[in-house]
Amino acid sequence: MAPSAAVASRVESLASSGIASIPKEYVRPQEELINIVNVFEDEKKTDEGPQIPTVDLKGLNSEDPAEREKCREELKKASMDWGVMHLVNHGIPDDLIDQVKAAGKIFFDLPIEEKEKHANDQASGKIAGYGSKLANNASGQLEWQDYFFHLIYPEDKRDLSIWPKTPADYTEVTSEYARQLRGLATRVFSALSLGLGVEEGRLEKEVGGLEELLLQMKINYYPKCPQPELALGVEAHTDVSSLTFILHNMVPGLQAFYDGNWVTAKCVPNSIIMHVGDTIEILSNGKYKSILHRGLVNKEKIRISWAVFCEPPKEKIILKPLPELVTETEPARYPPRTFAQHIQHKLFRKSQEALLSK
Ligand SMILES: [Fe+2]
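- In the nomenclature of an unreviewed UniProt entry, the protein chain corresponds to Leucoanthocyanidin dioxygenase-like from the organism Nelumbo nucifera.
- Per its UniProt entry, the protein chain bears the Sequence similarities (unreviewed entry) comment "Belongs to the iron/ascorbate-dependent oxidoreductase family."
- Regarding the protein chain, the relevant UniProt record gives this comment under Cofactor (unreviewed entry): "L-ascorbate".

Right, dumping it as structure tokens:
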């Protein structure tokens, strides 16, 4: 591909150009179009079958062992059944979360030319910064979204030079959020380890511990879409991470594929959405689920979400089911792979599927 062809166009410019119909690269294939719904109507429905569970983490630090046990059981159950949940009483102050969201919004409210100063360069492998998806297969399929991507923890691995300078408190509030989220990840890893009957620190150690587990933040910006029934903000995928934590601006969009249906996530005040990613599914030998999910767009409101992917180092660790969980009756369901190999394997499988569907 010629270098000029690799420059992604911004969905925000497209959205603000006043077009009534979207370019064909954004139109999903027929098999996806049949179940794309109006996300506002879908979010409002009340008695429509299974819903993404809400897990109250208040009991996790309780003095009472029975309370702690009860809370861990709830987290375990949601992780085994759904692999995605709304966490409430997660311990991260609401005002800090509001500041993180305000900072990200101020950055995205800047003119595109300002944001372009932080543009990434995917062709040369610099994925951190402001960007939009490049078509990665022959179909040229694109997603209705721009984003800002950067590593936020551990602090010594950050590249602050690419972080937004506007607003002035961006680095401070995002760094504090990263520290607090890292603590929450530890509490969740501990509970999920105990849920598997292994030592409390085990999962955290297996994904790299405090030094090696990387927290990557992706702020997703979904402009209003003139034909939301034809597009997706994010196509269906499972997260490769160990855990993913998501904040959003209370505009619905996330859907999880459960029991053969797309279930729209409700907007739960003061919650953090958490996904169990492929890495934990592999380590748990499939006991904890990495659920298929996607993002819808709409024509009325801009949606912004802040996803933090907790990723093991790409090459240093071989991911495979914990030996204690592998038995004659429950053999290992995943071959040993590094995180990089796992990502490669998924890309390969996806390109094979794309070829087969032609
Ligand atoms: Fe995801």
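Once you've had a look at it, read on.
**Observations regarding the sheet that holds strand β1 (residues 54-56)**
Sheets are built from strands that pair by backbone hydrogen bonding, the pairs being arranged parallel or antiparallel.
No. 1: Strand order in the open sheet made by the 8 strands is β1-β2-β10-β7-β12-β5-β4-β3, with mixed pairing throughout. Of all the strands in the sheet, just β1 and β3 (129-132) have a single pairing partner and so form its edges. Here the average twist between neighbouring strands, direction ignored, is 30 degrees.
No. 2: The pairing of strand β4 (residues 146-153) with strand β5 (residues 214-222) spans 7 bridges and is antiparallel. By the bridge assignment, Y147 is partnered in β5 with N220.

**Remarks on the sheet that holds strand β9 (residues 261-264)**
No. 1: An order of β6-β11-β8-β9 is seen for the 4 strands of this open sheet, with the pairing classed as antiparallel. A strand with exactly one partner marks an edge of an open sheet, and here the two such strands are β6 (234-237) and β9. On average, each strand axis in the sheet is tilted by 20 degrees relative to the strand beside it, whichever way the strands run.
No. 2: By the bridge criterion, 4 bridges tie strand β8 (residues 254-258) to β9 in an arrangement that is antiparallel. Note that in β9 the partner of Y258 across the bridge is N261.

Procedures and definitions
Residues numbered from 1 in each chain as written. Predicted model: local features only at pLDDT ≥ 70, side-chain atom pairs only at ≥ 80, totals over all residues. UniProt positions renumbered as here; feature names shortened; annotations may be inferred. Pairing = 2+ DSSP bridges. Helix = DSSP H or I, 4+ residues; strand = E, 2+ residues; numbered from the N terminus. Axes fitted to C-alpha atoms, helices over the stretch in contact; angles between N-to-C directions.

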